[in-house]
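Structural overview for review
What follows is the residue order along each chain.
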Amino acid sequence: MKSVEQIKAAIEAAVPGAALEALTNPGPSAQHSLLVDPQHAPAIARFLRDDEELALDYLSNVTGVDWPVKEVTEKVKVTKTVDGIEQSVEETIKRTTGGYLEAVYHLYSMRKKHGPVTLRMRTINRTDQVGLPSLTPVWRSAEYQEREVFDLYGIVFSNHPDLRRIMMWDEFKDYPMRRDYVEPDDYDYEPTPHDDVLAKARAHQQRLGASGEEISQ
Amino acid sequence: MAIDEKLRIEMGKQGVFVTTLNELYNWGRKNSIWPMQFGLACCAIEMIATTMARYDIARFGAEVFRPSPRQADMMIISGTVTKKMAPQVVRLYNQMAEPRYVIAMGACAISGGPFKQGYNVLKGIDRYIPVDVHIPGCPPRPEALLDAFVTLQKKIAAQPLTGEGRPRHLDENGTAEFPVPVQGEHDLEPPSNPTQWKAPFVIL
């Protein structure tokens with residue numbers, strides 16, 4: 001099977017204008033992924049499925065990732081002129097990463113028996129621009145899984161045949177797998193808590209009084 | 001009850017059988033409890049195993065599992081009760097005719113179990129409906145479910161027909177219908193039934 005770089009080159013040749021990025025996975029599994037831009041994603045998906053050599057006809061998993069905004073401080077060596085002499089000086093640079101939601105697709109080939117190829121698609125931000133194109137027209141197995149990603153992360157997939165919540169009920173308002181999800185406080189009876197559950201149960205008891213038996217809204 | 005046990009056995013040996021109306025009534029009820037076909041998760045597999053040849057719950061009277069709640073006497077809550085399913089469980093319980101009993105099978109039905117901190121897990125079905133027997137286990141073995149069934153039979157046998165502690169169908173002030181929780185925007189509303197369940201106080 002081709003490596004990620006080769007797949008990237010093949011896609012760029014077949015789908016003009018596609019903006020791709022190969023993201024390396026530093027772990028020992030070395031499963032690198034391909035960051036795909038949302039505009040060309042359906043065309044890229046169709047190419048990956050129909051290409052004779054790749055033939056990625058099986059989408060095994062769609063999942064979501066929430067990347068909250070994070071400040072990262074890095075020490076970078078920069079050449080600067082100090083006192084008239086050019087030196088390389090260490091500088092700490094602060095930058096922010098994240099601030100988007102991401103959908104990750106794992107693709108296999110049943111015909112050629114190779115895989116996985118990992119695709120990633122990122123939204124613009126985590127608040128109002130959370131749309132991505134749906135790959136259900138290309139791989140049918142994305143239908144329920146994209147519904148799950150919509151239910152738990154809030155990514156709205158356009159061109160999805162039936163986008164509604166699948167695990168939570170329809171009137172539910174939050175997105176449980178996001179990092180800023182606040183769960184309802186039903187820690188009124190915790191017989192053997194420890195660690196953070198103990199902290200939550202204690203906070204619950206303090207909030208409702210020492211007896212903790214009145215359940216108030 | 002009204003007669004000494006040894007005397008009763010002696011008379012039984014002579015062919016004279018004495019009983020009370022209470023005992024006869026409860027004997028008929030407890031030896032013929034028909035459960036409802038209601039399985040939610042993994043504990044349902046153990047419940048199915050209990051109905052099969054090796055452990056055979058039919059020997060104890062649970063001859064058929066009725067698919068309709070109208071015809072069932074007992075509901076075995078086997079498996080995790082999710083918040084999405086909880087209103088339906090309460091609705092089915094309301095549709096059962098008295099006398100009706102509930103067995104909470106497994107850790108998830110008792111208190112939420114290993115998935116207690118999940119965003120969709122109800123922390124125990126006894127927050128909304130009265131439970132008669134709780135079976136701990138994850139999952140409990142079929143023998144444990146049979147033991148719970150026998151415990152329920154003993155509980156039914158001990159119920160008086162008049163006075164304090166009589167079953168709900170003989171009590172005109174008994175609760176007939178339990179309020180069905182509404183699926184609100186962030187949680188079930190109410191999160192528990194206050195007349196049904198009060199959180200026991202735990203010193204943390």
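Residues numbered from 1 in each chain as written. Chains lettered and ligands numbered in written order. Predicted model: local features only at pLDDT ≥ 70, side-chain atom pairs only at ≥ 80, totals over all residues. Heavy atoms only, no water.

Within chain A one finds 4 helices and 9 strands. In chain A, the succession of helices and strands from N to C terminus is α-β-β-α-β-β-β-β-β-β-α-β-α. Since a compact globule built from 217 residues should have a radius of gyration of about 17 Å, the 23 Å found for chain A marks it as more spread out than a globular shape. Burial analysis of chain A (217 residues in total) assigns 41% to the buried set. Contacts in chain A between residues far apart in sequence, at least 24 positions, make up 54% of those at least 6 positions apart. As presented, chain A carries roughly 12400 Å² of accessible surface, and 50% of it is formed by carbon and sulfur atoms. When the 26 positive and 36 negative side-chain charges of chain A are each reduced to one mean point, those points stand 4 Å apart. (Helix = DSSP H or I, 4+ residues; strand = E, 2+ residues; numbered from the N terminus. Rg over C-alpha atoms; globule rule 2.2 N^0.38 Å. Buried < 20%, exposed > 50% of the residue type's maximum accessible area, 1.4 Å probe, protein only. Contact = heavy atoms within 4.5 Å. Areas by Shrake-Rupley, 256 points an atom, 1.4 Å probe, with all protein chains shown as cover. Lys, Arg positive; Asp, Glu negative; His and termini not counted. Charge placed at Lys NZ, Arg CZ, Asp CG, Glu CD.)

Turning to the pairing of strand 7 (residues 114-122) of chain A, a few remarks are in order. All names here are of chain A. As judged from the 4 bridges shared by strand 2 (residues 33-36) and strand 7, these two strands associate in the parallel manner. Across the sheet, residue Ser33 finds its bridge partner in strand 7, namely Thr118. Hairpin remark: strand 6 (residues 100-109) followed by strand 7, antiparallel, with 4 residues in the connecting loop; positive phi at Lys113, about 60°. (Pairing = 2+ DSSP bridges.)

It is worth spelling out the sheet that holds strand 2 (residues 74-78) of chain B at this point. All names here are of chain B. Read across the sheet, 4 strands follow the order 1-2-3-4 without closing on themselves; strand pairing throughout is parallel. Edge strands, defined here as strands with exactly one partner in the open sheet, are strand 1 (35-36) and strand 4 (133-135). With 2 bridges connecting them, strand 1 and strand 2 associate as parallel partners. Paired with Pro35 across the strands is Met74, a residue of strand 2. Each of strand 2, strand 3 (101-105) and strand 4 touches helix 6 (residues 142-157); the most contacted strand, strand 3, lies at about 150° to it. (Axes fitted to C-alpha atoms, helices over the stretch in contact; angles between N-to-C directions.)

Opposite the 32 residues of chain A that make contact, chain B presents 23 residues. Interface of chain A and chain B: buried area, both sides summed, is about 2600 Å²; carbon and sulfur atoms make up 56% of it. Counting across the chain A and chain B interface gives 5 salt bridges. In this structure, the salt-bridge partner of Lys123 of chain B is Glu190 of chain A, at a minimum N-O distance of 3.7 Å. Broken down by element, the residue count for the side of chain A that touches chain B peaks at 5 residues, all from helix 4 (residues 196-207) of chain A. Here the side of chain A that touches chain B is composed, by residue class, of 19 nonpolar, 4 polar and 9 charged. (Buried area = accessible area lost by both parts, 1.4 Å probe. Salt bridge = Lys/Arg side-chain N within 4 Å of Asp/Glu carboxyl O. Nonpolar A, V, L, I, M, F, W, Y, C, P; charged D, E, K, R; others polar.)

Moving on to the pattern of salt bridges. According to the stated counting rule, one finds 29 salt bridges over all chains in the structure shown. Here Asp185 of chain A makes a salt bridge to Arg207 of chain A, at a shortest N to O gap of 2.7 Å. Separated by 22 residues along the polypeptide, Asp185 of chain A in the loop between strand 9 (156-158) and helix 4 and Arg207 of chain A in helix 4 bring together distant segments of the chain. A network of salt bridges, in which partner residues are shared, links Asp186 and Glu190 of chain A together with Lys83, Lys116, Lys123 and Asp187 of chain B.

Residue and element names in this part refer to chain A. Across the sheet, 5 strands lie side by side as 1-2-7-6-3; this open sheet has mixed pairing. The sheet is open, and its two edges are formed by strand 1 (20-23) and strand 3 (58-67), each paired on a single side. Averaged over all pairs of adjacent strands, the angle between their axes in this sheet comes to 25°, without regard to strand direction. Contacts between helix 1 (residues 4-14) and the sheet are confined to strand 1, strand 2 and strand 7, with strand 1 contributing the most and set at about 175° to the helix. Of the strands in this sheet, strand 3 and strand 6 are in contact with helix 3 (residues 142-153), which crosses strand 3 at around 10°.

Right, let's get into a nonpolar patch on the surface. A cluster of nonpolar side chains, contributed by Tyr58, Tyr108 and Met110 of chain A, occupies part of the molecular surface with about 290 Å² of accessible area. Residue position: Tyr108 of chain A is located in strand 6. (Patch = residues over 30% accessible without salt bridge, like charges linked within 9 Å, V, L, I, M, F, W, Y side chains within 5 Å.)

Shape descriptors only; they carry no functional weight alone.
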